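An overview of the molecular structure
So you can see what is in the structure, the chains are spelled out below.
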Amino acid sequence: MFEKCKKADIIEKTGALICQSRVSVSRTGDVLLVIPRAATYKANSNYRVVFYDPVLGRVTCRCRLSASLPLPGGELCSLRCEVLEQLAQDQRRQDVKIPLGVNVMLHALYQPGDTVRAPESGVPATIVNISAGGVYLRTSLLMAKGRRVWFDFQPGEEKLTLSAQVLRAENASLSQNQILYGYGCKFINMLSKHETMLRSFIFQQQRQQRNQE
């Protein structure tokens with residue numbers, strides 16, 4: 001189930017975070033967690049585990065955790081995680097949005113009726129927030145609902161070209177002297193590899209924001 005998952009949070013019954021863990025799946029399908037040796041939990045008891053899977057999304061399960069086995073080095077240990085029940089999943093239509101504020105160059109093909117022709121280099125735009133399923137952009141370019149756009153985005157080492165379709169448009173001017181438009185868009189024609197990279201980036205950002213809180 002979690003073949004591509006690399007991270008998970010172990011949650012106490014009170015809702016408190018016990019620790020963060022690394023996830024690996026054996027050839028037989030067993031889920032193994034690597035946790036700090038200093039983490040305190042009761043062996044062979046049930047806990048909530050939140051898996052951060054780049055394909056499935058954020059999946060919360062009720063799991064039974066085995067006794068831990070110390071790993072070489074002394075700081076980490078491993079344990080078997082038996083998934084008993086899936087409690088919740090942030091599905092694609094419920095993707096978590098994270099605020100971003102990253103500037104990109106937005107591209108759109110010229111269409112009859114356009115009041116402004118976008119240059120080949122693109123028009124400056126700001127990613128206000130982003131999820132694995134879509135993005136909210138703010139730009140000076142006036143576009144109608146249904147318009148297709150694309151922009152380059154670099155969530156990690158590799159730069160991605162993301163294509164999207166405008167679902168809604170609104171006035172997003174920050175001042176009277178500068179007219180800006182806000183566009184809620186859904187991603188289209190996204191490669192599964194790119195979706196995995198984008199989900200991983202979003203989960204990392206969400207975790208960082210939660211730790212800062």
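Because the structure is predicted, anything quoted here is derived from the model rather than measured. (Residues numbered from 1 in each chain as written. Predicted model: local features only at pLDDT ≥ 70, side-chain atom pairs only at ≥ 80, totals over all residues. Heavy atoms only, no water.)

**A closer look at the pattern of salt bridges**
What counts here: Salt bridges are defined as contacts in which a side-chain nitrogen from Lys or Arg sits within 4 Å of a carboxyl oxygen from Asp or Glu. Labels follow the DSSP assignment, with helices taken as runs of H or I lasting at least four residues and strands as runs of E lasting at least two, numbered in each case from the N terminus. Burial here depends on accessible area, computed with a 1.4 Å probe over protein chains only, as a share of the maximum for the residue type. Under 20% is buried, over 50% is exposed, and the range in between is partly exposed.
Applying the stated criterion across every chain, the model contains five salt bridges. A salt bridge links Arg64 to Glu82; its shortest N-O distance comes to 3.4 Å. Of this pair, Arg64 sits in strand β5 (residues 57-65) while Glu82 sits in strand β7 (residues 76-89), and the two are 18 residues apart along the sequence. A residue is classified by how much of its surface remains accessible, and Arg64, at 32% relative accessible area, is partly exposed. Under the relative-accessibility criterion, Glu82 is labelled partly exposed at 32%.

**Focus on the pairing of strand β4 (residues 45-53)**
Cut-off, in case you're wondering: Any two strands with at least two DSSP-identified bridges between them are counted as paired.
Taken across its nine residues, β4 has seven buried, putting it largely inside the fold. Across five bridges, the pairing between strand β1 (residues 7-11) and β4 is antiparallel. Paired with Ile11 across the bridge in β4 is Arg48. Relative to β5, β4 runs antiparallel, the two being bridged by nine bridges. Looking across to β5, one finds that Tyr47 is bridged to Cys63. With antiparallel pairing between neighbouring strands as the criterion, β4 and β5 make up a hairpin whose turn holds three residues.

**Some words on unusual backbone geometry**
You will see that Asn44, though not glycine, has its phi angle at about 65°, which is positive. Located in the positive-phi region is Asn189, a residue other than glycine, with phi close to 55°. Topologically, Asn189 is positioned in the loop between β13 (181-188) and α1 (192-212). Since its relative accessible area comes to 70%, Asn189 is described here as exposed.

**A few points about the sheet that holds strand β9 (residues 123-130)**
Rules: With axes taken as lines fitted to C-alpha atoms, and helix axes fitted only over the stretch in contact, angles between N-to-C directions fall between 0 and 180 degrees. The criterion used for residue contact is that any of the two residues' heavy atoms lie within 4.5 Å.
Reading around the barrel, the six strands line up as β8-β9-β10-β13-β12-β11 and close back on themselves, with antiparallel pairing between neighbours. Averaged over all adjacent pairs, the angle separating strand axes in this sheet is 45°, with direction ignored. As paired strands, strand β8 (residues 98-108) and strand β11 (residues 148-153) are joined by three bridges and run antiparallel to one another. In the sheet register, Leu106 faces β11, and the bridge partner there is Phe151. Its contacts with the sheet place α1 against β8, β9, β11, β12 (160-171) and β13, and it is angled at close to 145° to β8.

**Brief notes about the pairing of β11**
Taking every second residue as pointing to the same face, the buried face of β11 carries Val149, Phe151 and Phe153, while none of Arg148, Trp150 and Asp152 on the other face is buried. Direction of pairing for β11 relative to β12: antiparallel, over a ladder of six bridges. Residue Asp152 lies in a different strand from β12, and its bridge partner there is Thr161. Hairpin connection between β11 and β12: a loop of six residues separates the two successive antiparallel strands.

**Description of the nonpolar core**
Cut-off, in case you're wondering: Here, nonpolar core means buried Ala, Val, Leu, Ile, Met, Phe, Trp, Tyr and Cys residues that are tied together by side-chain atoms lying within 4.5 Å of each other.
Within the largest apolar cluster, 28 residues are counted, with the highest numbers of intra-cluster contacts made by Ile127, Ile130, Val135, Met143, Phe151, Phe153 and Phe187. Going through the elements one at a time, β8, β9, β10 (134-139), β11, β12, β13 and α1 are the ones with two or more residues in this core. Setting aside residues up to four positions removed in sequence, Val135 forms contacts with Ile127, Asn129, Ile130, Phe151, Tyr183, Gly184, Cys185 and Phe187. If you look at the next biggest cluster of nonpolar residues, it comprises 21 residues, including Ala8, Val31, Leu33 and Cys81.

**Thoughts on the packing of aromatic side chains**
Note the following rule: Stacked, edge-to-face and tilted labels apply to pairs of Phe, Tyr and Trp rings (six-membered ring for Trp) whose centres lie within 6.5 Å, assigned for plane angles under 30 degrees, over 60, and everything in between, in that order.
Following the criterion strictly, the structure yields four aromatic pairs and no others. Consider the rings of Tyr52 and Phe203, whose centres lie 5.8 Å apart with planes at 65°: the pair is edge-to-face. You can see Tyr52 sitting in strand β4 and its partner Phe203 sitting in helix α1, a full 151 residues away along the chain. The same class applies to Tyr52 and to Phe203, which are both buried. Relative to Phe201, the ring of Phe153 has its centre 5.5 Å away and its plane inclined at 80°; by these criteria the two rings are edge-to-face.

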